[in-house]
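# A look at the structure
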Amino acid sequence: MKIALGVTGGVAAYKAAELVRRLQQEKLDVQAVMTRAAQEFITPLTFAALTGQKVITEIFSAENAAPANVESAIEHIAVAQRIDLLLVAPATADSLAKFAQGLAGDFLSTLYLATKAPVVVAPAMNVNMWEHAATQENLATLRARGVHVVAPDEGYLACGMVGAGRLASTDAIVLKVRDVLGLRHDLDGQTVLITAGPTCEDIDPVRFLTNRSSGKMGYALAEAAQRRGARVILVSGPTDLKIPEGADWVPVRTTEQMHQAVRERAAEANIVVMAAAVSDYRPAATHEQKMKRDDGGLTLTLEPTPDILAELGREKGQRVVVGFAAETNNVAENARGKLARKSADMIVANDVTQEGAGFDTDTNIVTMYLPDAPEISLPKMNKFDVANRIFDQALSIRKNSK
Ligand code: PMT
């Protein structure tokens, strides 16, 4: 994951160098961005050496001024799209005021406005500046807009005064970054096998049976598991999604290929989550040549595919096995039926007729069904948050069964 670290001009700027190291220990790729004032306190060279990347200091630097280099100026702006988080530490009163007002006179404030990534600020300044109504109002504005604030510590300040204004500890800042990015360590050392996307069953060389799964739910599960420290095996039907970096990605097309891949890899997994929309039937025979139209109707004979989840459930051992249920009616009854028939530890049911739930949406609305326990219904949330709730529950299943 990539984060931009904005360093602004305060005495605490030197502490940002230590912060880079700690963020790298979290396996984060850090792009440093410095304001002019920050460079009065610490040189860009320090951050370039630590990050191994060019430090962005100007919106239009001398080297970008020539027309031949316009591309590289645009490339700098592209940082806004590439990052997963913007952290500003230390954040001066001036930078907070610029963010609150929407001023975009330098690279950092432009980046703040241009990015859709979450923003964390760690202010540091003189106590009177910190307590000033202007600063507090700017902070209230930023908080109301969703900016995360790591409040400064109290103590001796560089100006000789005592009070709040000292940059929060590196630990506190890293903790907040981890929290906002969903980086936890509760799946460290675990292997999670996830199935995602649709399966395709060929009728002839040009036609196949499939469904509307985009893979978004499964890929969100993969991302959440990785951020929590797990090694991820992602068995995926065809999707247009970006392969998650660092995941062991196993592409498949048919239910039989998914079946084989899951059989081969399940022994490595501590947790299996079957989010794929697997075909229940396939053509009994695949025609080798393209089928020709004729005047009569056409009857396709279908045969059942292997039930991968039921097979896993029968042989699950210590593994936590989670299935999904895509339903259009009688959700609770069908989900509880699948929980029992497939011997799963949990079934995550989604009513795919609901707006914002199920296929090819960024959000989902799910209810988690567990044996001998009341169901847990979640409100509409993005698929990454749903994924995290599923892993919270999977971990509690494991704890309870120990
Ligand atoms: O991919 P998205 O666009 O993000 O959409 C997400 C989703 C709607 C696909 C997802 O949330 C979901 O509901 N996945 C399960 C779809 C499905 O196949 O449901 P089902 O009720 O038909 O199957 C029940 C469970 O058995 C599922 O875990 C399924 O993976 C599994 N199964 C089904 C058939 C089969 N032959 N083998 C299986 O293992």
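Note: the structure precedes this text.
Notes on the structure in this doc start here. (Residues numbered from 1 in each chain as written. Predicted model: local features only at pLDDT ≥ 70, side-chain atom pairs only at ≥ 80, totals over all residues. Heavy atoms only, no water.)

## What to know about the overall build of the protein chain
Formally: Secondary structure elements are defined from DSSP: runs of H or I of at least 4 residues count as helices, runs of E of at least 2 residues count as strands, and each element is numbered from the N terminus. Relative accessibility thresholds used throughout: buried, under 20% of the residue-type maximum; exposed, over 50%; partly exposed, between the two (1.4 Å probe, protein chains only). The method behind every accessible area is Shrake-Rupley, applied with a 1.4 Å probe, and residues are considered shielded solely by the protein chains displayed. Charged-residue counts in this description rest on Lys and Arg as positive and Asp and Glu as negative, His and the chain ends being excluded. Throughout, a charge is located at the NZ atom of Lys, the CZ atom of Arg, the CG atom of Asp or the CD atom of Glu.
In terms of regular secondary structure, the protein chain is built from 15 helices and 21 strands. Principal-axis analysis of the C-alpha atoms places the extent of the protein chain at approximately 85 × 55 × 35 Å. With 402 residues in all, the protein chain has 50% of them scored as buried. Accessible area of the protein chain: about 19600 Å², with a carbon and sulfur share of 51%. Measuring between centres, the 43 positive side-chain charges of the protein chain sit 2 Å from its 48 negative side-chain charges.

## Observations concerning the environment of alanine 277
In plain terms, the rule: Contacts: residue pairs with any heavy atoms within 4.5 Å of one another.
If you trace the backbone, alanine 277 turns up in the loop between β13 (271–274) and β14 (281–283). Taking C-alpha positions, alanine 277 is 17 Å from threonine 367, a pair spaced 90 residues apart along the chain. Sequence-distant contacts of alanine 277, defined by excluding residues within four places in its chain, comprise Gly197, Pro198, Thr199, Asn211, Ser213 and Phe359.

## Here's the deal with the side chain of arginine 228
As a reminder, the rule being used: In protein, a polar contact requires one atom able to donate a hydrogen and another able to accept it; more generally it is a pair of N or O atoms within 3.5 Å, and residues adjacent in sequence count only if both atoms are side-chain atoms.
With respect to the helices and strands, the residue arginine 228 is situated in the loop between α11 (216–227) and β11 (231–236). Classification of arginine 228 as buried rests on a relative accessible area of 0%. Here asparagine 388 takes part through its side chain, which lies 3.0 Å from a polar atom of the side chain of arginine 228. Other than its neighbours up to four places away in sequence, arginine 228 contacts Gly182, Arg184, His185, Asp186, Leu187, Asp188, Asn388, Phe391, Asp392 and Leu395.

## What about the packing of helix α1 (residues 15–25) against helix α10 (residues 170–181)?
Quick note on the threshold: What counts as an axis is a line fitted to C-alpha atoms, over the stretch in contact for a helix, and the angles between N-to-C directions run from 0 to 180 degrees. By definition in this entry, angles of less than 35 degrees are roughly parallel, angles greater than 145 are roughly antiparallel, angles of 65 to 115 are roughly perpendicular, and the rest are oblique. Should the near helix be turned counterclockwise from the far one by less than a right angle, the crossing is left-handed, whereas a clockwise turn marks it as right-handed. Amino acids outside the nonpolar list (Ala, Val, Leu, Ile, Met, Phe, Trp, Tyr, Cys, Pro) and the charged list (Asp, Glu, Lys, Arg) are all regarded as polar, and Gly is one of them.
The geometry of α1 relative to α10 is characterised by a closest axis approach of 10 Å and an angle of 45° between their N-to-C directions. On the basis of their axis angle, the class for α1 and α10 is oblique. Here α1 runs over α10; the crossing is right-handed. Each of Glu18, Leu19, Arg22 and Leu23 in α1 lies in contact with α10, whose residues at this interface are Thr170, Asp171, Ile173, Val174 and Val177. Per-class residue counts for the contact of α1 with α10 are 5 nonpolar, 1 polar and 3 charged.

## As for helix α15 (residues 383–401)
This is how the line gets drawn: Here the expected span of a helix is defined as 1.5 Å times the quantity of residues minus one.
In this model α15 runs 27 Å from its N-terminal to its C-terminal C-alpha over 19 residues, within 8% of the 27 Å that 1.5 Å per residue would give. Of the positions making up α15, those classed as buried are Lys383, Phe384, Val386, Ala387, Asn388, Ile390, Phe391, Gln393, Ala394, Leu395, Ile397 and Arg398.

## Observations concerning the site of the ligand
Put simply, the test is: Definition of nearness: a residue and a molecule or strand are near each other if at least one heavy atom of the residue lies within 4 Å of the molecule or strand.
Around the ligand lies a shell of 29 residues, among which Ser213, Ser214, Lys338, Asn350 and Asp360 are the nearest. Phenylalanine 324 places a main-chain nitrogen or oxygen 2.9 Å from an oxygen atom of the ligand. Only α11, α13 (308–314) and β16 (320–327) provide two or more residues apiece to the shell around the ligand. Counting residues per element, the shell around the ligand draws most heavily on β16, at 4 residues. Within the shell around the ligand, the residues separate by chemical class into 13 nonpolar, 9 polar and 7 charged.

## Considerations on the pattern of salt bridges
Put simply, the rule reads: The term salt bridge refers to a side-chain nitrogen of Lys or Arg lying within 4 Å of a carboxyl oxygen of Asp or Glu.
One pass over the structure, following the stated rule, counts 24 salt bridges. With a closest N to O distance of 3.4 Å, arginine 178 and glutamate 26 form a salt bridge. Separated by 152 residues along the polypeptide, arginine 178 in helix α10 and glutamate 26 in the loop between α1 and β2 (29–34) bring together distant segments of the chain. Take glutamate 26: its relative accessible area is 14%, and that puts it in the buried class. Of the charged contacts in the structure, one is a salt bridge between arginine 227 and glutamate 223, with a shortest N-O distance of 2.3 Å. Note that arginine 227 and glutamate 223 are positioned in helix α11 at a spacing of 4 residues, about one turn of the helix.

## Some remarks on the side chain of serine 214
Following the sequence through the fold, serine 214 ends up in the loop between β10 (207–209) and α11. One polar contact links the side chain of serine 214 to the main-chain amide nitrogen of lysine 216, over a distance of 3.2 Å. When neighbours within four sequence positions are excluded, serine 214 is seen to be in contact with Thr239, Leu241 and Asp360.

## Some remarks on the sheet that holds strand β8 (residues 191–196)
Neighbouring strands of a sheet are bound in pairs by backbone hydrogen bonds; such pairs are parallel or else antiparallel. Which entries qualify depends on this criterion: Pairing between strands is defined by DSSP: at least two bridges between the two strands are required.
A sheet is described by the order of its strands in space; here 8 strands give the open sequence β12-β11-β8-β13-β16-β17-β19-β20, paired in mixed fashion. Each edge of the open sheet carries a strand with a single partner, namely β12 (248–251) and β20 (376–377). With 4 bridges joining them, β13 and β16 adopt parallel strand pairing. Bridging from a neighbouring strand, methionine 274 pairs with glycine 323 of β16. Packed onto the sheet, α11 meets β8, β11, β12, β13 and β16 and runs at close to 165° relative to β8. Sheet strands in contact with helix α14 (residues 331–341) are β16, β17 (346–351) and β19 (366–369), and its direction is about 150° off that of β17.

## A short note on the packing of aromatic side chains
To describe a pair of aromatic rings, one takes the distance between the centres and the angle between the planes. Applicable threshold: Each aromatic pair joins two rings of Phe, Tyr and Trp (for Trp, the six-membered one) with centres within 6.5 Å, and gets the label stacked for planes under 30 degrees apart, edge-to-face for over 60, and tilted for any other angle. In this scheme, the term charge over a ring applies when either NZ of a lysine or CZ of an arginine sits within 6 Å of the ring centre and within 35 degrees of the ring normal.
Evaluation of the coordinates by the stated rule reveals 1 aromatic pair. Positioned over the ring face of phenylalanine 208 is arginine 253, at 5.0 Å from the centre of the ring.

## Here we look at the nonpolar core
The cut-off we apply is this: To form a nonpolar core, buried Ala, Val, Leu, Ile, Met, Phe, Trp, Tyr and Cys residues must be joined to one another through side-chain atoms within 4.5 Å.
With 35 residues, the main nonpolar core has Ile194, Leu221, Ile390 and Phe391 as its most contacted residues. Going through the elements one at a time, β8, α11, β11, β13, β16, β17, β19 and α15 are the ones with two or more residues in this core. Broken down by element, this core gets its largest block of residues, 8 residues, from α15. The contacts of leucine 221, once residues within four sequence positions are left out, are Ile194, Val273, Ala275, Phe324, Ala387, Ile390 and Phe391. Ranked by size, the runner-up nonpolar core spans 33 residues in total, among them Val30, Val120, Val174 and Leu181.

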